[in-house]
Amino acid sequence: MKSILAGLTVLLLVACASTMNEEHFPEWSELSSFERQWFSEHLQAAKETPISLLVETEIYRFTWLRSFHAPIVVRVDCDENCVLKARQLSGAGGYSPGHIQIREDRILTNEEASKLRAIAKKIDNWVYEPDEEIIGMDGARWIFEMASGNNYQAWNLWSPGSDKAAEIHVEMCLYLLNLTNLTIEKGHVY
């Protein structure tokens, strides 16, 4: 009986460890191991699945990790319809993610989906060249990913709000936020 319980305990620990180490960014080689772990921890708390490249859908995902405010993940998967899934966590983006506090799932209208695709065309193959190199301790990570078929692109910007070179990135991320019913105070967009 003890050996059965010990075996089950080991299996449970292995299953938990493999879930905790789930790779959310297999195609994004530029991420440091610290960023990979930090971002993945928040995506796991939001019950977000990794983006798969071998599907016939378009996928757009914005992960917003503000140092002192609730982490937000907005994902849109498009095939016949575009389905939005938004999750706001209870923690803080610079710290512990917490748990899902607000959940929203809905189908986008044709107008919303068309506008999303129009912005995506502008950002496709966009290369970020900052106005100046900004390094800071507090702020927010604006992580945007898009995938279609075998094409995967991702951008990880730190507090790009006032950076003219990042306007298209900000436009896409704010559009995804605006598609949700989440309430974001004006002073908390950074």
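The coordinates are above.
1. A look at the overall build of the protein chain
Thinking step 1. Within the protein chain, the regular secondary structure consists of 4 helices and 6 strands.
Thinking step 2. Listed by position from the N terminus, the elements making up the protein chain come as α-α-β-β-β-β-α-β-β-α.
Thinking step 3. When the accessible surface of the protein chain is totalled, it reaches about 10,900 Å², and 54% of it is carbon and sulfur.

2. Examining unusual backbone geometry
The phi torsion of most residues other than glycine is negative, and most of the peptide bonds are trans.
Thinking step 1. Even without glycine at this site, Asn125 takes up a positive phi of about 60°.
Thinking step 2. Structurally, Asn125 can be placed in the loop between helix 3 (110–123) and strand 5 (140–148).
Thinking step 3. One non-glycine residue, Ser159, lies in the positive phi region at around 40°.
Thinking step 4. Summarising the element assignment, Ser159 is placed in the loop between strand 6 (151–158) and helix 4 (167–178).

3. Considering helix 3
Thinking step 1. Compared with the 20 Å implied by 1.5 Å per residue over 14 residues, the 20 Å span of helix 3 between its first and last C-alpha is a close match.
Thinking step 2. Among all positions in helix 3, only Glu112, Ala113, Leu116, Ile119, Ala120 and Ile123 are buried. The buried residues of helix 3 occupy an angular sector of 125° when projected down its axis, which confines them to one face. Among the exposed residues of helix 3, those pointing more than 90 degrees away from its buried face are Asn110, Glu111 and Lys121.
Thinking step 3. Two residues or fewer past helix 3, Asn125 is found with a positive phi of approximately 60°.

4. Let's talk about the state of the cysteines
Thinking step 1. Overall, the coordinates contain 1 disulfide when judged by the stated rule.
Thinking step 2. The disulfide bridge from Cys78 ends at Cys82, spanning 2.1 Å between sulfur atoms. Taking the sign of the torsion about the S-S bond as the criterion, the disulfide between Cys78 and Cys82, at about 115°, is right-handed. When sorted by exposure, Cys78 lands in the same class as Cys82, which is buried.

5. A few points about the sheet that holds strand 2 (residues 72–78)
Thinking step 1. If you walk across this open sheet you meet the 6 strands as 4-3-2-1-5-6, and the pairing is antiparallel. Every interior strand has two partners, whereas the edge strands, strand 4 (100–107) and strand 6, have only one. Averaged over all neighbouring strand pairs, the angle between strand axes comes to 10°, with direction disregarded.
Thinking step 2. With 7 bridges connecting them, strand 1 (residues 58–66) and strand 2 associate as antiparallel partners. If you follow Ile59 over to strand 2, its bridge partner there is Asp77.
Thinking step 3. In this fold helix 3 packs onto strand 1, strand 2, strand 3 (82–89), strand 4, strand 5 and strand 6, with an angle of close to 80° to the strand it touches most, strand 1.
Thinking step 4. Contacts from helix 4 reach strand 1, strand 2, strand 3, strand 5 and strand 6, with the element oriented near 85° to strand 5.

6. What to know about the packing of aromatic side chains
Thinking step 1. Per the counting criterion, the structure on display carries 11 aromatic pairs.
Thinking step 2. Seen from their ring centres, Trp126 and Tyr128 are 5.7 Å apart, and the 50° between their planes marks the pair as tilted.
Thinking step 3. Exposure remark for Trp126: the relative accessible area of 14% places this residue in the buried category.
Thinking step 4. Under the relative-accessibility criterion, Tyr128 is labelled partly exposed at 28%.
Thinking step 5. Ring geometry for Phe144 versus Trp155: centroids 5.9 Å apart, planes at 10°, classification stacked. Highlighted residues: Phe144 in strand 5 and Trp155 in strand 6, separated in sequence by 11 residues.
Thinking step 6. In this structure Trp155 comes out as buried when scored by relative accessible area, which is 8%.

Rules and cut-offs
Residue numbers restart at each chain and count upward from 1, following the sequence in its written direction. Given that the model is predicted, a residue must reach a pLDDT of at least 70 before its local features are reported, and side-chain atom pairs must reach 80 or more before they are shown or counted; all residues, however, enter totals for whole chains, interfaces and linings. By convention in this description, side-chain values take in all heavy atoms of the structure and omit both hydrogens and water. Numbering goes from the N terminus for both helices and strands, where a helix is a DSSP run of H or I of at least four residues and a strand is a run of E of at least two. Here the accessible surface of atoms and residues is derived via Shrake-Rupley with a 1.4 Å probe, and residues count as covered only by protein chains that are part of the display. Here the expected span of a helix is defined as 1.5 Å times the quantity of residues minus one. Accessible area is worked out with a 1.4 Å probe on protein chains only. A residue is then buried under 20% of its type maximum, exposed over 50%, and partly exposed in between. Read the arc as the range of directions from the helix axis to the C-beta atoms. Any pair of cysteine sulfurs within 2.5 Å is marked as a disulfide. At least two DSSP bridges between two strands are required for those strands to pair. All axes are obtained by fitting lines to C-alpha atoms, using only the stretch in contact for helices, and the reported angles, taken between N-to-C directions, cover 0 to 180 degrees. Any two residues having at least one pair of non-hydrogen atoms within 4.5 Å are treated as being in contact. Two rings from Phe, Tyr or Trp (for Trp, the six-membered ring) form a pair when their centres sit within 6.5 Å of each other. Planes less than 30 degrees apart are called stacked, planes more than 60 degrees apart edge-to-face, and all others tilted.

Treat this as a map of the structure, not an account of what it does.
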